[in-house]
Amino acid sequence: GQGRCRLGASILAQVYGALGDQPPELDSPTLLQSFATALRVLRGRDQLLAYHDIADGGLLATLAEMAFASHCGVDVQLPAGLGLRAQLFAEEIGAVVQVKTTDLAAVMQQLNAVGLGHCSHDLGSPVAQLQLTMRSDREVLQLDWMRARRAWSETSHRMRLLRDDPGCAREE
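Since the model is a prediction, treat every value here as computed from it, not as a measurement.

Reading the values: rules and limits
- Residues numbered from 1 in each chain as written.
- Predicted model: local features only at pLDDT ≥ 70, side-chain atom pairs only at ≥ 80, totals over all residues.
- Heavy atoms only, no water.
- Phe/Tyr/Trp six-rings, centres within 6.5 Å; stacked < 30°, edge-to-face > 60°.
- Helix = DSSP H or I, 4+ residues; strand = E, 2+ residues; numbered from the N terminus.
- Expected span 1.5 Å × (residues − 1).
- Buried < 20%, exposed > 50% of the residue type's maximum accessible area, 1.4 Å probe, protein only.
- Pairing = 2+ DSSP bridges.
- Axes fitted to C-alpha atoms, helices over the stretch in contact; angles between N-to-C directions.
- Left-handed = near helix turned anticlockwise from the far one by under 90°.
- Contact = heavy atoms within 4.5 Å.
- Nonpolar A, V, L, I, M, F, W, Y, C, P; charged D, E, K, R; others polar.
- Patch = residues over 30% accessible without salt bridge, like charges linked within 9 Å, V, L, I, M, F, W, Y side chains within 5 Å.
- Areas by Shrake-Rupley, 256 points an atom, 1.4 Å probe, with all protein chains shown as cover.
- Salt bridge = Lys/Arg side-chain N within 4 Å of Asp/Glu carboxyl O.
- Disulfide = S-S within 2.5 Å.

Participant: Explain the packing of aromatic side chains here, please?
Facilitator: How two aromatic rings sit relative to each other is given by the distance of their centres and the angle of their planes. Scanning all chains against the criterion turns up three aromatic pairs. An aromatic cluster of three or more residues is present, and its members are F68, W145 and W152.

Participant: What exactly am I supposed to notice about helix α3 (residues 58-70) here?
Facilitator: Compared with an ideal rise of 1.5 Å per residue, which puts 13 residues at 18 Å, α3 spans 19 Å between its outermost C-alpha atoms and is within 8% of the ideal. Of all the residues in α3, the buried ones are G58, L59, L60, A61, T62, L63, A64, M66, A67 and F68. Once α3 finishes, H71 follows within two positions and takes phi at roughly 50 degrees, a positive value.

Participant: Just to check I follow, could you spell out the sheet that holds strand β4 (residues 124-127) for this structure?
Facilitator: Two pairing modes exist for strands in a sheet, parallel and antiparallel, and in both the strands are linked by backbone hydrogen bonds. If you trace the four strands from one edge of the open sheet to the other, you get β4-β2-β5-β6, paired in mixed fashion. The strands lining the two open edges of the sheet, one partner per strand, are β4 and β6 (139-144). Strand after strand, the sheet turns through a mean of 10 degrees between neighbouring axes, direction not considered. With four bridges connecting them, strand β2 (residues 73-77) and strand β5 (residues 131-136) associate as parallel partners. Note that in β5 the partner of V74 across the bridge is L132.

Participant: How should the pairing of β5 be read in this particular structure?
Facilitator: Along any regular strand the residues' side chains alternate between the sheet's two faces. With respect to burial, β5 is a largely interior element, five of its six residues being buried. Relative to β6, β5 runs antiparallel, the two sharing six bridges. Bridging across to β6, M134 finds its partner in L141. Counting the residues that bridge the hairpin from β5 to β6 gives two residues, and of these D137 lies at a positive phi of roughly 50 degrees.

Participant: Explain the packing of helix α2 (residues 29-44) against helix α5 (residues 104-113) to me, please; I cannot follow it from the model alone.
Facilitator: The description of two helices packed together rests on the angle between their axes and the distance between the axes. Running from amino to carboxyl end, α2 crosses α5 at an angle of 145 degrees, the nearest separation of the two axes being 9 Å. Between α2 and α5 lies a crossing whose hand is right-handed. Touching F35, A38, V41 and L42 of α2 are V107, Q110 and L111, all from α5. The residue makeup of the contact of α2 with α5, split by class, is six nonpolar, one polar and no charged.

Participant: How should a nonpolar patch on the surface be read in this particular structure?
Facilitator: A cluster of nonpolar side chains, I11, V15 and Y16, forms an exposed patch at the surface whose accessible area comes to about 340 Å². Here Y16 lies in the loop between α1 (11-15) and α2. Residue classification places Y16 among the exposed residues on the basis of a relative accessible area of 58%.

Participant: I tried to follow the state of the cysteines on my own but got confused; where do I start?
Facilitator: Per the stated rule, a full pass over the model turns up zero disulfides. Cysteine C5 remains unbridged, with the sulfur of C119 as its closest cysteine sulfur at 12 Å. With a relative accessible area of 17%, C5 lands in the buried category.

In structure tokens form, the structure reads like this:
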């Protein structure tokens, strides 16, 4: 998303019964190809621990899903100047990759080499404490992991009831 944080047609807009004015778009197919190239290189070097796109639900959904899957918390510092809400809910083209701290410099170097340095950020790390903490400028969002996980599970179940066969959804 290159820091655009467009909220049009996002889940956040839908929650407020709005459509929004500007939806995310694939502004640069070349950058997406460069990202795919970088991922192949990093995977070949065994420098990727995890990957998750942000296009379905935004950064908050991505970080929560990664934390839930790993049964850990996260401590994240978002780039300044864009606001917490916009950064957490924009469903731009982008991804979160998890790497070892010892590989961070090499990973950033590879992203720079393919022209992605301007839109790549070290956001933070997983933590043992079961809490999701996200900061931007002077805003802080802290969510208790267990409460967030329960809410996530309930929401996912209700979505499956509407989208899938209700009997199958109830069996899960």
